[in-house]
Amino acid sequence: MIRDHFRVLIVDLSTGQRTISDIDGRDTVAGGSGLAAMLFEKYGFLGKPWDDPGQPLIFAIGPLTGYFPLMSKTVCAFKSPYHDQYAESHGGGRSALSLRFADADALVITGKAKSPSALIVGSRQIELKDVHYLWGTDLQVAGKILRRMFPGAGHRTILRIGPAGERQSPMACITADTYRHFGRLGGGAVMGAKNLKAIMIHGDASFPLPEGNAYAKLFEEVYAKMTDTDMMSKYHNLGTPINVAVLNDIKALPIRNLQATADPATAGITGERFAEVALLRNAACAGCPVGCIHIGFVRERFQKENRYLYRQISYDHELIFAVGSMLGVMDCFEVLKLIDVAEKMGLDVMSPGVALAWATEALGKGIITEKETLLPLAFGDSTSYQAALRHMAYGTNEFYQLLSQSTMKAAERYGGGDFACVLGQEMAGYATGETFFVSQALGLRHSHLDAGGYAYDQKPKGKTVEDAVKFLIQDEKGRCFLTSMVSCLFARGVYTDEVLANCLKSVGYGSLADNMDTVSEEIQRLRWNMRIRSGFRPENVSIPKRFTEITTWKGQIDTLFLEDLKKEYGRKILEMAG
Ligand code: SF4
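Given the structure is predicted, the values throughout are model-derived calculations rather than measurements.

Cut-offs applied
- Residues numbered from 1 in each chain as written.
- Predicted model: local features only at pLDDT ≥ 70, side-chain atom pairs only at ≥ 80, totals over all residues.
- Heavy atoms only, no water.
- Helix = DSSP H or I, 4+ residues; strand = E, 2+ residues; numbered from the N terminus.
- Expected span 1.5 Å × (residues − 1).
- Buried < 20%, exposed > 50% of the residue type's maximum accessible area, 1.4 Å probe, protein only.
- Core = buried A, V, L, I, M, F, W, Y, C linked by side-chain atoms within 4.5 Å.
- Domains from an automatic or database assignment.
- Contact = heavy atoms within 4.5 Å.
- Phe/Tyr/Trp six-rings, centres within 6.5 Å; stacked < 30°, edge-to-face > 60°.
- Lys NZ or Arg CZ within 6 Å of the ring centre and 35° of its normal.

(A) Molecular detail of helix α2 (residues 32–43). The first and last C-alpha atoms of α2 sit 16 Å apart over 12 residues, in line with the 16 Å expected at 1.5 Å per residue. Most of α2 sits out of view: 10 of its 12 residues are buried. What α2 keeps buried is the set G32, S33, G34, L35, A36, A37, M38, L39, F40 and Y43.

(B) A look at the nonpolar core. By size, the foremost hydrophobic cluster in this structure holds 97 residues, and its most contacted members are W358, L403 and F437. No other element matches the 9 residues that helix α13 (residues 350–364) contributes to this core. Counting contributing residues per domain, this core is built from domain 1 (6–202) and domain 2 (229–423), each supplying no fewer than three. Residues contacting F437, with those up to four places away along its chain left out, are L423, Y430, A431, I543, F547, I550, I557 and L562. Ranked by size, the runner-up nonpolar core spans 43 residues in total, among them F68, L489, V494 and Y509.

(C) The arrangement of the packing of aromatic side chains in detail. Taken as a whole, this structure holds 21 aromatic pairs when the rule is applied. On the numbers, 6.2 Å between centres and 55 degrees between planes, the contact of Y215 with F219 is tilted. Of this pair, Y215 and F219 both sit in helix α7 (residues 213–228), separated by 4 residues, roughly a single helical turn. For Y215, a relative accessible area of 7% gives the class buried. A residue is classified by how much of its surface remains accessible, and F219, at 27% relative accessible area, is partly exposed. Through pairs of rings, three or more aromatic residues link up here, namely Y67, F68, F101, F207, Y215, F219 and Y223. One residue, K48, lies across the ring of F45, its end atom 4.5 Å from the ring centre. Between K365 and the ring centre of F419, over which it is positioned, the NZ or CZ distance is 4.7 Å.

Right under this line is the structure:
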């Protein structure tokens, strides 16, 4: 499985044609993010719309997947229904290891199936099955049926979409193995547009590990850092929900559509509170000894005589922020109920949560009425929000159809753009200040993980535009290489450049290890090149007024710094894209 080229499986759903292609580029784009961008350049159509049947849906893994822990993400690339530009979304679960053991570095899906279908991929099998009877089922029902239809637990991944994806909402996610997601920018809609309900990847091959002591010794060292030191304990212990209390304490938690950044009531939804009353167990992506996935429960009474059923729901900081603090829902069980509905519908939890926060404020201000919302949306009213999430998934009326495209689309139609909490896409759960706002608004994935702007904001004062831009570009470059390795970004403290170089050498990628800096730069350039050529214009990105009205622990937002930073970072992005 150590190859100086990529082994790529290509499936055309329109014709049924399947190809296995050996493609060069290991020493220039490494894998993961770099490989996905390279494959999009080769198979994608930058000038055609996102739902053109020819557009590819790409899944790519990295050179260390299967060899080292936490190399467990898969990069999904596509042209996004959210902005009709090049996009990446990252997901875990068993997806990466399944692809590795199916003996592929990437899967490229083009065309459109004639009827709702499931694609089955293994090391000796690529098959398309009609599953029209699954169209319209929610993710939970589809998951149950698919697992029965395609046994092989532990060695296969099931990627699937719900009603939101079938309806091609840009807020639809692809769910991987129940608890992980390719969440943002509408990958679920791309599957929907291809008539693809599910993708099953069987990791049914095996391969030898590198011979000699060097690899085994290094593996033990890396593994020990992950498990025997404090470096990862935060993720295992409370998980990312630890951030809820931390951000609330520094007045950086978005609350009630970012009308506040701190509130004592958030005590009901902190990581500590979830652990105390709602946590059932931890789970992990395949190949990860950390297990940051925290699973709570919701129970439902189904008979008067105290008969209950319960469901297991994973939670993390971003979800708690989006359908908790942002909607003023400050009870952890109510938050879990909202996550449960969004999950079943196949919606990315973050975007609809933020969109509904905007709708609630818009309703309060009289910009829209209950004629549009169909419900008396009010901060804290979890029951109405559960119904609203279903309306968003099914696009019940014109209002929900627009809102489930994006908050800005709804604001363009009804007004209220000033208080739309959108930074490229609906914001992530950090109101730390100017650098984060610019970083998410202009970042390639519009994700808080594009670069550590949220961390930079928390450094002492005295920074300049030049320093902040330098930080964002350097930090993004490092993350580009990590996501090309498909490392979980939680492991970035363990996988330093030196450790990564040693890992690559130990399995036989010496040349890549010797050129990491050049390769990182090339990957960064290529990704931005795809984004710009598909229509992204940094100068057209605006940061809504609401972001300039907030107060954090540092005081008021510095609007001059914000504007200058946005301008300069945008200029550098264009420069990077070449
Ligand atoms: S730390 Fe969490 S997200 Fe990262 S690989 Fe492990 S279980 Fe998956």
